[in-house]
Amino acid sequence: MALKNQLSCWLTYTNETTHKIIRDNLDRAPMFTGVIEGVGPRYCPSIEDKIVRFADKSRHQLFLEPEGRNTDEWYVQGLSTSMPEEVQQKILHSIKGLEDAEMMRPGYAIEYDVVSPYQLRPTLETKLVKNLYTAGQTNGTSGYEEAAGQGIMAGINAGLRALNKEPFVMKRSEGYIGVMIDDLVTKGTNEPYRLLTSRAEYRLILRHDNADLRLMPKGHELGLISDERYNDFLAKRQAVTDEIDRLNTVRVKPSDEVNAYVMSHNEKPLKDGVLAADFLRRPQVTYADLLRFIPAPDAPLDRRVIEEIEIRIKYAGYIKKAEENVAKMKKMEAKKIPDMIDYDAIDGLATEAHQKLNKIRPETIAQATRISGVNPADIAILSVYIEQGKIAKVKSV
Ligand SMILES: Cc1cc2nc3c(=O)[nH]c(=O)nc-3n(C[C@H](O)[C@H](O)[C@H](O)COP(=O)(O)OP(=O)(O)OC[C@H]3O[C@@H](n4cnc5c(N)ncnc54)[C@H](O)[C@@H]3O)c2cc1C
């Protein structure tokens with residue numbers, strides 16, 4: 001309904017004239033003159049940045065977006081800039097369609113200080129100031145989701161601290177928020193950090209369809225999910241499990257109808273009966289098709305339940321492998337590194353590992369393994385050191 005009666009966006013492009021104006025004035029752009037020292041956001045560069053970084057491109061796409069129904073203002077998306085105002089005027093007027101445009105406000109760049117993420121615990125509490133939690137841009141990230149993801153975690157943990165409860169740290173295998181915060185506190189960042197799916201090693205497990213399965217129980221335990229919503233979730237989870245169990249017992253028999261269907265998908269006909277789950281595993285078979293050949297469940301299933309069943313059955317092999325890796329990592333996550341550990345007292349650590357461990361002070365062996373420059377040999381030494389209980393000795397020194 002709301003999608004009707006939309007205002008149009010338009011496309012235009014920069015051109016060689018635009019690029020020449022920018023190149024001729026680069027020495028006046030604060031990002032290049034050294035007035036601004038910080039690194040700009042990699043994923044939304046300014047137009048001057050694009051001209052320099054992608055010098056071989058003869059044009060860059062610009063979206064003209066109406067600012068609203070009752071205004072003549074347009075947002076020129078793709079033309080962010082910190083060039084001097086009179087240069088911006090020339091740039092704007094060099095673009096086809098914008099020759100007579102009136103600039104309402106010039107663009108500008110900002111630079112701001114951040115808390116080094118190395119100074120943060122995985123709870124987003126600062127290491128230097130107890131009970132102070134920071135989130136978002138302050139921590140060196142850029143983006144709405146990044147800010148929101150940290151905001152909720154910092155809020156949860158500040159709340160838990162106030163209630164004297166155990167902190168909540170989301171693991172990398174549990175959600176993208178876990179990936180982001182672990183990246184930040186383990187690797188730090190020297191440019192605005194953005195969370196990309198490619199940063200996650202367990203992408204097959206971090207799916208949007210199973211977000212509730214991964215996180216609802218935690219949300220409920222933390223008091224953030226109502227009983228009503230949680231019970232609805234529990235019913236869905238049970239329905240998924242029940243139906244997968246059923247599909248692992250019911251068989252599809254090699255009838256004429258089944259084989260006509262199979263052959264219509266260019267597959268070999270069945271000679272013997274197969275488990276319904278195995279039949280569903282075939283790439284073209286959908287749950288709806290499968291129901292033509294086996295008895296329907298007692299009650300019709302919700303669309304979300306069906307989607308989850310299809311994914312779990314079709315990708316079972318890959319998911320199992322990913323889950324095995326998660327289980328291995330969980331063991332390492334369980335190995336805590338005591339807060340008071342003195343890295344100077346550990347013999348045999350490589351110099352780089354020693355420096356990085358001292359700086360980052362990881363909270364678990366798993367986090368230590370993810371620090372660049374900390375090698376398996378260092379991890380072995382660290383693990384033995386902790387297991388031998390030498391920490392206690394250090395503490396009493
Ligand atoms: C022009 C522009 C376009 C962008 N486009 C996108 C986009 O398309 N997609 C995307 O994901 N991200 C985009 N971003 C980035 C995104 O907006 C920010 O990374 C994100 O909003 C940061 O959220 P935050 O909560 O950390 O900080 P902010 O949203 O800046 O919130 C900080 C708040 O603190 C308040 N404050 C500051 N000092 C004090 C004080 N002393 N006392 C009390 N309050 C104070 C401020 O007023 C502000 O409300 C864009 C940013 C800009 C500038």
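Residues numbered from 1 in each chain as written. Predicted model: local features only at pLDDT ≥ 70, side-chain atom pairs only at ≥ 80, totals over all residues. Heavy atoms only, no water.

## So, a nonpolar patch on the surface
Then step 1. A cluster of nonpolar side chains, contributed by Y108, I110, Y112 and V114, occupies part of the molecular surface with about 460 Å² of accessible area.
Then step 2. Within the secondary structure, V114 sits in the loop between α4 (85-93) and α5 (144-162). (Patch = residues over 30% accessible without salt bridge, like charges linked within 9 Å, V, L, I, M, F, W, Y side chains within 5 Å. Areas by Shrake-Rupley, 256 points an atom, 1.4 Å probe, with all protein chains shown as cover. Salt bridge = Lys/Arg side-chain N within 4 Å of Asp/Glu carboxyl O. Helix = DSSP H or I, 4+ residues; strand = E, 2+ residues; numbered from the N terminus.)

## Describing the nonpolar core
Then step 1. Membership of the largest hydrophobic core comes to 21 residues, with the highest contact counts inside it found for L247, V252, F279, L290 and I309.
Then step 2. For this core, the secondary-structure elements that each account for two or more residues are α8 (227-247), α9 (256-264), α10 (276-281), α11 (287-290) and α12 (303-314).
Then step 3. The contacts of L290, once residues within four sequence positions are left out, are L247, V252, A276, F279, L280 and V285.
Then step 4. With 17 residues, the next largest nonpolar core counts Y343, L349, L382 and I386 among its residues. (Core = buried A, V, L, I, M, F, W, Y, C linked by side-chain atoms within 4.5 Å. Buried < 20%, exposed > 50% of the residue type's maximum accessible area, 1.4 Å probe, protein only. Contact = heavy atoms within 4.5 Å.)

## What about the packing of helix α1 (residues 16-24) against α4?
Then step 1. The geometry of α1 relative to α4 is characterised by a closest axis approach of 8 Å and an angle of 165 degrees between their N-to-C directions. As far as their axial angle goes, α4 and α1 are roughly antiparallel. Along this stretch, α1 crosses α4, giving a crossing that reads as right-handed. The segment α1 lies against α4, with T18, I21 and I22 engaging V87, K90 and I91.
Then step 2. For the contact of α1 with α4, the residue count by class is four nonpolar, one polar and one charged. (Axes fitted to C-alpha atoms, helices over the stretch in contact; angles between N-to-C directions. Parallel < 35°, antiparallel > 145°, perpendicular 65-115°, else oblique. Left-handed = near helix turned anticlockwise from the far one by under 90°. Nonpolar A, V, L, I, M, F, W, Y, C, P; charged D, E, K, R; others polar.)

## Things to note about the layout of surface pockets
Then step 1. In this structure, the second largest pocket encloses a volume near 730 Å³.
Then step 2. Every element with two or more residues in the lining of the second largest pocket is listed here: α5, α6 (176-187) and α13 (316-334).
Then step 3. Residues of the lining of the second largest pocket, tallied by class, amount to 12 nonpolar, six polar and 13 charged. (1 Å grid on protein atoms, 1.4 Å probe; cavity = no way out; pocket = protein on both sides within 12 Å on 5 of 7 lines; lining within 4 Å. Points joined across faces, edges and corners; volume = space filled by probe spheres on them.)

## Considerations on the site of the ligand
Then step 1. In the region of the ligand, the neighbouring residues are G136, Q137, S142, G143, Y144, E145, A147 and R194.
Then step 2. A distance of 2.7 Å separates an oxygen atom of the ligand from a polar atom in the backbone of Q137.
Then step 3. The separation between an oxygen atom of the ligand and a polar main-chain atom of G143 is 2.8 Å.
Then step 4. Protein contacts shield 30% of the accessible area of the ligand, which totals 1000 Å² for the unbound molecule.
Then step 5. Residues that form the shell around the ligand fall into these classes: two nonpolar, four polar and two charged. (Near = heavy atom within 4 Å. Polar contact = N/O pair within 3.5 Å; in protein donor to acceptor, adjacent residues only side chain to side chain.)

## Regarding the sheet that holds strand β3 (residues 74-77)
Then step 1. With antiparallel pairing, the three strands of this open sheet are ordered in space as β1-β2-β3. Both edges of this open sheet fall to β1 (10-13) and β3, since each of them pairs with a single strand only. Taking the axes of each pair of neighbouring strands and ignoring which way they run, one obtains an average angle of 30 degrees across the sheet.
Then step 2. Two elements, strand β2 (residues 61-66) and β3, share four bridges in a ladder whose sense is antiparallel. The residue bridging L64 from the neighbouring strand is V76, located in β3. (Pairing = 2+ DSSP bridges.)

## Side note on the pattern of salt bridges
Then step 1. According to the stated counting rule, one finds 32 salt bridges in the structure shown.
Then step 2. D182 is the partner of R172 in a salt bridge, and the nearest nitrogen-oxygen pair spans 2.7 Å. Here R172 is found in the loop between α5 and α6, whereas its partner D182 is found in helix α6, with 10 residues between them in sequence. As far as burial versus exposure is concerned, R172 and D182 are alike and both buried.
Then step 3. Residue E243 pairs with R246 through a salt bridge whose shortest N-O separation is 2.8 Å. Placement of the pair is E243 and R246 together in helix α8, with a separation of three residues, close to one helical turn.

## Quick word on the state of the cysteines
Then step 1. Going through the model one piece at a time under the given rule, you end up with zero disulfides.
Then step 2. With no disulfide of its own, C9 has C44 as its nearest cysteine by sulfur position, at a separation of 18 Å.
Then step 3. Residue classification places C9 among the partly exposed positions, given a relative accessible area of 49%. (Disulfide = S-S within 2.5 Å.)

## Here's the deal with the packing of aromatic side chains
Then step 1. One pass over the full model with this rule turns up four aromatic pairs.
Then step 2. Their ring planes at 90 degrees and their centres at 6.0 Å tell us that F279 and F293 sit as a pair that is edge-to-face. Residue F279 is located in helix α10, and its partner F293 is located in the loop between α11 and α12; the two are separated by 14 residues in the primary sequence. One exposure class covers both F279 and F293, and it is buried.
Then step 3. Clustering of aromatic rings is evident, with ring pairs tying together Y261, F279 and F293.
Then step 4. It is R59 that lies over the ring of Y13; its NZ or CZ is 3.6 Å from the centre. (Phe/Tyr/Trp six-rings, centres within 6.5 Å; stacked < 30°, edge-to-face > 60°. Lys NZ or Arg CZ within 6 Å of the ring centre and 35° of its normal.)

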